[in-house]
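Below, each chain spelled out in residue letters.
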Amino acid sequence: MKRIALLLVVLIMGARFMAQSQTGSIITGIVTHEGKGLEAITVSLLRGKDSAVVKVELSNREGRFEFIHIKAGQYLLLFSGAGYREKHITAFDLGEGEAKPIGPIALTVESKELKTITVTAKRPAIEQKIDKLVVNVDASPTNAGATAMEVLEKSPGVIVNNEGGISLKGKPGVIVMMDGKPTYLSQADLANLLKNTPASAIEQIEIMTNPSSKYDASGNSGIINIKTKKSLKMGWNGSVTVGASAGFFGQNNKVHIMPRSQNSINFNYRKNKINFFGNYNPNFNKGRNQLHLVRRFYNEDGSLNSYADQYTLFKGKNNNHNVKLGLDYYISNKDVLGFVVTGFGFFGRPEPHTVSDIYNADGSYQAGLVSVSDNKLKFRNYAANINYKHSFDSAGREITIDLDYVLYDNVSDILLGTGAKDKPGTADNNLLQLKGYLPSNINIYSFKSDYAHPLGNNMKLEAGIKANYVKNDNRVDYMRMSNEAWIKDARSNHFIYEENINAAYVNINKKFNDKWSAQAGLRVENTNTKGKQLTNDSSFIRHYTSLFPTAFVSYAADKNNQLTVSYSRRLNRPNYEDLNPFTYFLDSLTYRRGNPYLLPQFSHNIELGYTFKSKFITSINYSKTTDVISELLRQNTAEKTTFATRENIASFRNIGLSVNAPLKWAPWWSTNVFANVFNNRYKGEYNEQPIDLSNTAFMINVSNTFTISEGFTAELGGFYRSKVVDQMLVMDEMYQMSIGLQKNILKGKSTMRLNFRDPFGWQRFSARSRYADVDVSINNRWDSRQVSASFTYRFGKSTVAPSRKRSTGVSDELNRAGQSN
């Protein structure tokens, strides 16, 4: 508690220090239509003498808008929005320090075709919507030089462990999408992608804790959708970002500087019936990471047999490239045809070096090993999407069709050398050598169609179908050195996994009156799987069909108070790599092995939410999960080896209370606070011994934003997470803070950002896993202390035309492969 108090004091005192000497005037008002507030209306503040744009804001759900830190002078206001006539407010004078009320401003419906509008609105870093929480990445200066994983890590309610596993409000089983498409890689490969995707390539992160039946049923704790940038502006336009960062890693009284680059190019051409868009992100990354494991081995009577003290230093560098190209063709005012292709390439060379010392129970030295590994990794992903949308009328009746093909082509080449030693600090030069060639190929084919039909009387019907086929071909070829010759190792294997999922859903929502509304949905998914090990000629076939109901009821007592209750049944299927019965080595004593007999896990989720003034959100959630896909450790006391695998061994219960509060202390100072208290309990059986792990945890995320002057902002933020149970692991507390500055220059065409991430080096990971005969302590530190700088230049026109929203049909499959694009 001392540490969380210290973090909060630093955040608050730093906020007060950065908030000094800010002055200015305020303009506030409300936009309405037929007496009701209008959301997302563009309000432009224009200079009185020449109508030049000074600032642009969007109205909130109640129709309210606010301009802060405005200099005294004469101004005009322009109101515009899709489907409404533009409206001007005549010139008015604004005095120094004055709070000027405007309105209410009533807009009328535009009967003509929608016109383009000019938008340069500034979004808040975090937006709470009725069905999701949205993180606007560019709005936070502390995201400069960050990666997608680092942005996720400090997002409200998100927990990331040392292996890249992601939980939401304390619940594991999150589905991560990119642009509405699921990912298909393992947890490790998904973490690798997120750690090498620059934040500059991301527009928004959407966090949904209880999605409707329109979405795939996968994801016990919800969905995180990462939306990459796509411009909506007319003509040629885009942006170029050049960024660099340095991480600092202390070792042996020496500080190692780890350079990184974060670069991105985004462009868009929109004219008449054509919209052509794309982005390219080439990046370089060099890093260090130290892992310390203490593994304890016990005799059958429970007494200590021995323990292993293991240090692994990871040194590595990589180059990665991420590209997207897309084309939308507006065949008519009712028909749109689109094409999207994406590619991701990762080329890395991690070099872990491990020293393992084994001690007897009395502390005397027994033996030791030194392992040196040289790895070459090539991960390549290609995806293509064809999409079509037809609008039957202007009332919202429409049908969409998506065809997707995704290919993952990954190759790992490893060379592992191990030497024995009989006392600390020495090693045998005669290394035992093992080399491996591990190719993996995943082909995914998907068809998806969605239909929406307004039925009148404030009722809407949605329905859809989806079918996909996945083939995952994995091979492990190990060779070991024997008598100066390479011979085939018995741990070689070849595994082919095929899967077909067919799904259909129906969803109905109805607004009964100004107070009551409801939504109900049902999704059915039929799953057919087949796995075959060619090495030993063993196989399995599974078929199962499951129903996934969803329900939402909302009650608005008045304009300031709203209650929502929701229920959903969901599942989580095993990642493809977790099904592979292969051995993947960290070193000679520690490795990982897949399990082809994993079953899906199912959960029931209930959430009650209360919204006050469309800003303050409080929610209570409860979930129960059966057949949890648990990551666990298995040990061999005689051989002193430990391997990680996944099994269905436990049930999981989560109950929590969360609060999200956007606060405004002054016109130039706003704060967003997210706090979450939750209790996790895992209960099951391992090796005929009971497992019962539970604790109550607390996490808080605080972000302060300051307007220093026009176009110049600062941010001071951080998070704290107490000790928490994550499956079989009890993770110790973790905390971090960041400081960021952002300045618009060149008449708003460019932005400079400077970010200090974890400047005090607080962020580290430690945990312990203790059950049955397993007892492991984990300590992990990395180059979390970073300084980053970036420069963004925007070119082209700034007029924005209406655009369509869509997603493709391969969201869950991409996630289970562990990668997103």
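Being a predicted model, the structure only gives us computed values, none of them experimental.

Caption draft 1: The overall build of the protein chain, seen in detail. Counting its secondary structure elements, the protein chain contains 5 helices and 48 strands. The buried share of the protein chain, reckoned over its 821 residues, is 53%. Contacts in the protein chain between residues at least 24 apart in sequence constitute 68% of all its contacts with a sequence separation of at least 6. When the accessible surface of the protein chain is split by element, carbon and sulfur atoms take 56% of a total near 35,500 Å².

Caption draft 2: Expanded view of the sheet that holds strand E6 (residues 73–81). Judged by pairing direction, the sheet is antiparallel, and its 4 strands sit side by side in the order E4-E3-E6-E7 without closing on themselves. Lying at the two open borders of the sheet, with one neighbouring strand each, are strand E4 (53–58) and strand E7 (84–94). The average angle at which neighbouring strand axes cross in this sheet is 20 degrees, direction not considered.

Caption draft 3: View of the nonpolar core. The biggest cluster of nonpolar side chains holds 30 residues, and the ones touching the most others in it are Ile691, Met728, Met731, Phe765, Tyr771 and Ile778. Dropping the residues within four chain positions of it, Met728 is found in contact with Ser630, Glu631, Leu632, Ile649, Tyr682, Ile691, Leu693, Arg768, Ser769, Arg770 and Tyr771.

Caption draft 4: Summary view of the packing of aromatic side chains. Inspection of the entire model under this criterion finds 26 aromatic pairs. Both rings, one in Tyr405 and one in Tyr445, keep their centres 5.1 Å apart while their planes meet at 40 degrees; by these two values the pair is tilted. You can see Tyr405 sitting in strand E25 (residues 398–421) and its partner Tyr445 sitting in strand E26 (residues 432–456), a full 40 residues away along the chain. Residue Tyr445 is classed as partly exposed on the basis of its relative accessible area of 40%. Judged by centre distance (5.1 Å) and plane angle (25 degrees), the ring pair of Phe760 and Trp762 falls under stacked.

Caption draft 5: Highlighting the pairing of strand E35 (residues 601–612). Both strand E32 (residues 561–572) and E35 contribute to a ladder of 12 bridges, which runs antiparallel. Bridge pairing links Asn572 to Gln601 in E35.

Caption draft 6: Seen up close, a nonpolar patch on the surface. Taken together, the side chains of Phe512, Trp516, Val553, Leu563, Val565, Ile606, Leu608, Ile620, Tyr622, Ile655 and Leu657 make up a nonpolar region of the molecular surface, amounting to roughly 960 Å² of accessible area. Contributing elements (two or more residues each) for the nonpolar patch: E32, E35, strand E36 (616–636) and strand E37 (641–666). Here Leu563 is to be found in strand E32. On the accessibility criterion, Leu563 (41% relative accessible area) is partly exposed.

Caption draft 7: A look at the environment of Ser51. Looking at the secondary structure, you find Ser51 in the loop between strand E3 (42–47) and E4. Accessibility expressed as a relative area gives 40% for Ser51, which makes it partly exposed. Each residue touching Ser51, except ones within four places of it in the same chain, is listed here: Leu46 and Leu76.

Caption draft 8: Inspection of unusual backbone geometry at higher detail. Of note, the phi angle at Asn253 is positive, near 60 degrees, even though the residue is not glycine. The topology assignment puts Asn253 in the loop between strand E18 (235–251) and strand E19 (254–271). The backbone of Leu746 shows a phi angle near 55 degrees, a positive value even though the residue is not glycine. Relative to the helices and strands, Leu746 is located in the loop between strand E43 (734–745) and strand E44 (750–757).

Caption draft 9: Representation of the side chain of Glu715 in the model. With respect to the element layout, Glu715 can be found in strand E40 (residues 712–721). A relative accessible area of 3% places Glu715 in the buried class. A polar contact is formed between the side chain of Glu715 and the side chain of Ser703, at a distance of 3.3 Å.

Caption draft 10: The arrangement of the pattern of salt bridges in detail. Under the criterion given, the structure shown has 22 salt bridges. With a shortest N-O distance of 2.7 Å, Arg573 and Glu525 are connected by a salt bridge. Taken together, the positions of Arg573 in the loop between E32 and helix H4 (576–579) and Glu525 in strand E30 (residues 516–533) put the pair 48 residues apart, joining distant regions of the chain. Residue Arg573 shares its accessibility class with Glu525, and that shared class is buried. The closest approach of N and O atoms between Glu647 and Arg634, which form a salt bridge, is 2.9 Å. A residue pair is termed long-range when its members are at least 10 positions apart, and Glu647 in strand E37 and Arg634 in strand E36 qualify at 13 residues. Salt bridges linked by common partners bring Arg296, Arg768, Arg770 and Asp775 together as one network.

Caption draft 11: Main features of the confidence of the model for the protein chain. Chain-level statistics for the protein chain give a pLDDT mean of 83 and a share of 86% at 70 or above. The low-confidence segment residues 111–121 (pLDDT under 50) makes 22 contacts with residues lying over four places distant or belonging to another chain. Contacts of residues 799–806 to residues separated by more than four positions or lying in other chains number 29 contacts, the stretch itself having pLDDT below 50.

What counts, and where the lines are drawn
- Residues numbered from 1 in each chain as written.
- Predicted model: local features only at pLDDT ≥ 70, side-chain atom pairs only at ≥ 80, totals over all residues.
- Heavy atoms only, no water.
- Helix = DSSP H or I, 4+ residues; strand = E, 2+ residues; numbered from the N terminus.
- Buried < 20%, exposed > 50% of the residue type's maximum accessible area, 1.4 Å probe, protein only.
- Contact = heavy atoms within 4.5 Å.
- Areas by Shrake-Rupley, 256 points an atom, 1.4 Å probe, with all protein chains shown as cover.
- Pairing = 2+ DSSP bridges.
- Axes fitted to C-alpha atoms, helices over the stretch in contact; angles between N-to-C directions.
- Core = buried A, V, L, I, M, F, W, Y, C linked by side-chain atoms within 4.5 Å.
- Phe/Tyr/Trp six-rings, centres within 6.5 Å; stacked < 30°, edge-to-face > 60°.
- Patch = residues over 30% accessible without salt bridge, like charges linked within 9 Å, V, L, I, M, F, W, Y side chains within 5 Å.
- Salt bridge = Lys/Arg side-chain N within 4 Å of Asp/Glu carboxyl O.
- Polar contact = N/O pair within 3.5 Å; in protein donor to acceptor, adjacent residues only side chain to side chain.
- pLDDT = per-residue confidence, 0-100.

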